[in-house]
Amino acid sequence: MTTAQESSSLGLQRSRPRVVIVGGGFGGIHAARRLCDVDVDVTLLDRGTSHLFQPLLYQCATGLLSEGEISSPLRHLLRGNRNVHVALGEAHAVDAASRVLTASRFDGSTFDLPYDYLIVAAGMRQAYHGHDEYIRWAPGMKTLDDALAIRRKLISAFEMAESLPTAEERRPWLTFAVAGGGPTGVELAGQIRELAVHALAHEFQSIDPCEARVLLFHGGDRVLPSFNRKLSAAAQRTLDKVGVETHLGVHVTDVCETSIETTAKNAARTKKRYGARTILWTAGVEAVPFAGALANALGVKQIQGGRIAVEPDLTVPGHPNVWVIGDLMSLNELPGVAEVAMQGGRHVGGCIARTVAGGTPDRKPFKYRDLGSAAYIARRHALLQAGPIRMSGFMGWVSWGVIHIAFLAGYRNRFGTLLNWGVTLASRTRRERAITYGDPQSARQPYAEPASES
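Since we're looking at a predicted model, the values are computed, not measured. (Residues numbered from 1 in each chain as written. Predicted model: local features only at pLDDT ≥ 70, side-chain atom pairs only at ≥ 80, totals over all residues. Heavy atoms only, no water.)

## A closer look at the overall build of the protein chain
On a plain count of helices and strands, the protein chain comes out with 12 helices and 28 strands. Against the globule reference of 22 Å for 454 residues, the protein chain gives a C-alpha radius of gyration of 23 Å, in line with a compact fold. Over its C-alpha atoms, taken along the principal directions, the protein chain stretches across nearly 75 × 55 × 50 Å. Each of the 454 residues in the protein chain was classed as buried or not, and the buried ones make up 51%. The contacts in the protein chain between residues at least 6 apart in sequence include a share of 61% that link residues at least 24 apart. In the protein chain, 50 positive and 43 negative side-chain charges are present, and the distance between their average locations comes to 6 Å. (Helix = DSSP H or I, 4+ residues; strand = E, 2+ residues; numbered from the N terminus. Rg over C-alpha atoms; globule rule 2.2 N^0.38 Å. Buried < 20%, exposed > 50% of the residue type's maximum accessible area, 1.4 Å probe, protein only. Contact = heavy atoms within 4.5 Å. Lys, Arg positive; Asp, Glu negative; His and termini not counted. Charge placed at Lys NZ, Arg CZ, Asp CG, Glu CD.)

## Description of the packing of helix α10 (residues 393–407) against helix α11 (residues 411–427)
Two elements in contact, α10 and α11, have axes whose closest approach is 9 Å; the angle formed by their N-to-C orientations is 150°. The orientation of α10 relative to α11 falls into the category roughly antiparallel. Note on packing geometry: the crossing formed by α10 with α11 is right-handed. When α10 is examined against α11, the residues Trp397, Trp400, Gly401, His404, Ile405 and Ala406 are found in contact with a partner set consisting of Arg414, Thr417, Leu418, Trp421 and Leu425. Across the contact of α10 with α11, the residue classes break down as seven nonpolar, three polar and one charged. (Axes fitted to C-alpha atoms, helices over the stretch in contact; angles between N-to-C directions. Parallel < 35°, antiparallel > 145°, perpendicular 65-115°, else oblique. Left-handed = near helix turned anticlockwise from the far one by under 90°. Nonpolar A, V, L, I, M, F, W, Y, C, P; charged D, E, K, R; others polar.)

## Some thoughts on the sheet that holds strand β9 (residues 100–104)
Here three strands make up an open sheet; going across it, the order is β8-β9-β10 and the pairing antiparallel. Edge positions in the sheet fall to β8 (90–95) and β10 (110–114), since each of these pairs with one other strand and no more. Strand-to-strand, the axes of this sheet are offset by a mean angle of 30°, without reference to chain direction. For β8 and β9, the ladder comprises five bridges, and the chain directions are antiparallel. For alanine 93, the partnering residue across the bridge sits in β9 and is threonine 102. Docked against the sheet, helix α8 (residues 289–298) engages β8 and β9, running at close to 10° with respect to β8. (Pairing = 2+ DSSP bridges.)

## A short note on the nonpolar core
By size, the foremost hydrophobic cluster in this structure holds 58 residues, and its most contacted members are Leu56, Ile70, Phe158, Ile192, Leu216 and Leu224. With 57 residues, the next largest nonpolar core counts Val38, Leu113, Tyr115 and Leu118 among its residues. (Core = buried A, V, L, I, M, F, W, Y, C linked by side-chain atoms within 4.5 Å.)

## Notes on the packing of aromatic side chains
Counting across every chain of the model gives 12 aromatic pairs. Cluster of aromatic residues (ring-pair linked, three or more members): Tyr58, Tyr376, Trp400 and Trp421. (Phe/Tyr/Trp six-rings, centres within 6.5 Å; stacked < 30°, edge-to-face > 60°.)

## Concerning the confidence of the model for the protein chain
Detailed reading of the predicted model is not advised wherever pLDDT is low. Summing up the model confidence of the protein chain, the mean pLDDT is 91 and the portion of residues at 70 or higher is 96%. Here residues 1–7 scores under 50 on pLDDT; set against residues more than four positions off or in separate chains, the count is 18 contacts. (pLDDT = per-residue confidence, 0-100.)

## Observations regarding the side chain of histidine 347
For histidine 347, the position within the fold is in helix α9 (residues 338–358). Residue histidine 347 is classed as buried on the basis of its relative accessible area, which comes to 11%.

## What to know about the sheet that holds strand β21 (residues 302–303)
Pairing is mixed across the open sheet formed by three strands, whose spatial order is β21-β22-β25. Each edge of the sheet is formed by a strand with only one pairing partner; in this case those strands are β21 and β25 (329–330). Where β21 meets strand β22 (residues 307–309), two bridges bridge the pair, whose relative direction is antiparallel. In the sheet register, isoleucine 303 faces β22, and the bridge partner there is arginine 307.

## Observations regarding the side chain of arginine 379
Residue placement: arginine 379 occurs in the loop between β26 (373–378) and β27 (381–386). Residue contacts for arginine 379: discarding those within four places in its chain leaves Glu194, His198, Trp397, Thr424, Leu425 and Arg428.

## A word on α8
All of the buried residues in α8 are Phe290, Ala291, Gly292, Leu294, Ala295 and Leu298. Following α8 by one or two positions, glycine 299 has its phi on the positive side, about 70°.

## Concerning a nonpolar patch on the surface
Together, Phe394, Met395, Val398 and Val402 line one region of the surface with nonpolar side chains, adding up to about 370 Å² of accessible area. Looking at the element boundaries, valine 398 is found in helix α10. (Patch = residues over 30% accessible without salt bridge, like charges linked within 9 Å, V, L, I, M, F, W, Y side chains within 5 Å. Areas by Shrake-Rupley, 256 points an atom, 1.4 Å probe, with all protein chains shown as cover. Salt bridge = Lys/Arg side-chain N within 4 Å of Asp/Glu carboxyl O.)

## Notes on the pattern of salt bridges
Within the structure shown, the criterion is met by 18 salt bridges. Among the ionic pairs, glutamate 286 bridges to arginine 125, the shortest N-O distance being 3.0 Å. Note that glutamate 286 is positioned in strand β20 (residues 285–287) and arginine 125 in strand β12 (residues 124–126), a separation of 161 residues in sequence. The partly exposed category is assigned to glutamate 286, whose relative accessible area is 22%. Among the ionic pairs, arginine 277 bridges to glutamate 257, the shortest N-O distance being 3.4 Å.

See below:
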């Protein structure tokens, strides 16, 4: 443990044990907060400036909530933690022997963060299963950039259809394909139908937004496979009722600008192509690149999509001062949900606090308390599963709302989101429909050169 005063390349004087946390998600935030009154210096490193509430990202993508209502500045959230320093950067490499983490700045330069204790809560990213080229036409649903890109595609698709003269030309623009039948895919598909049927229904002259087709593709035999079969069946009935066309037992095997191809999982391996100008991808996740660098540095193997197997106390085997928490860890088949990350962050923070106070390593095993899972299907229809409790329909929807408001970071976000939901329910409007073009240079350019007439 370091006792002599040292300084990192950030110019911060260190005289106490140093804790470096990689990632400002649920796990990282809760670990930092648990250490707020502990005699340590904490550096929270994240590649962004805000904590993102990912469970509501799809509502930002479909114009229901703004990006500000589902994100909170890390510096603001941790402003009361006097022993916590927030650093903008991306973890790049680890020297386990020297206990130094190297991070990259925005401009490509690097800096070092010495540590006595390292907590890795870097999360996962969208997986394209060996076809990273799909991202050009099928954005995922993991970041604010993804949400704003999806919003641009959705709103632009309706506007494009409005300007086209024939039904045949409009059809692919009014067809929306979602790959993946887990919670994110189901929630996104339902929200697209709500956007079309409620918010946009009376705002166009040439098209009827209610005619928009939403196709949901899933490889399993039912949507929401992590839920009880009865709840899954209830979700399917709601999807059918709101007009989502569900295709089960198929894999997406090709994506291009104008269409998506599926292949049946049965013996026939039947292929089918659907014309669609808006394709969205929620089919699986994989570890962020830093996970590979960490695994190599610590001499461990990655499993299950790049995750890192941990000991019962969430430490990496052979490295009692390094913890991996949240979606990136693999332990007892725990799901990659927010509550696992939050409880893991508090657990690791507690272990470090007791180690520093007592002078001996704390190896207390992590015990996860399952508080349940929830998924939004459509307005007034959601699912809640918590132990023996099973809810669907209106009661599930109310419970879902209470849980998500409670988990949002900051009173301002909670109040703003609740108010926005109420106004949307009462008026059936969605005001968060502004689109961006990615950067000022792109925004300055014409859409395309007009085609010359022959």
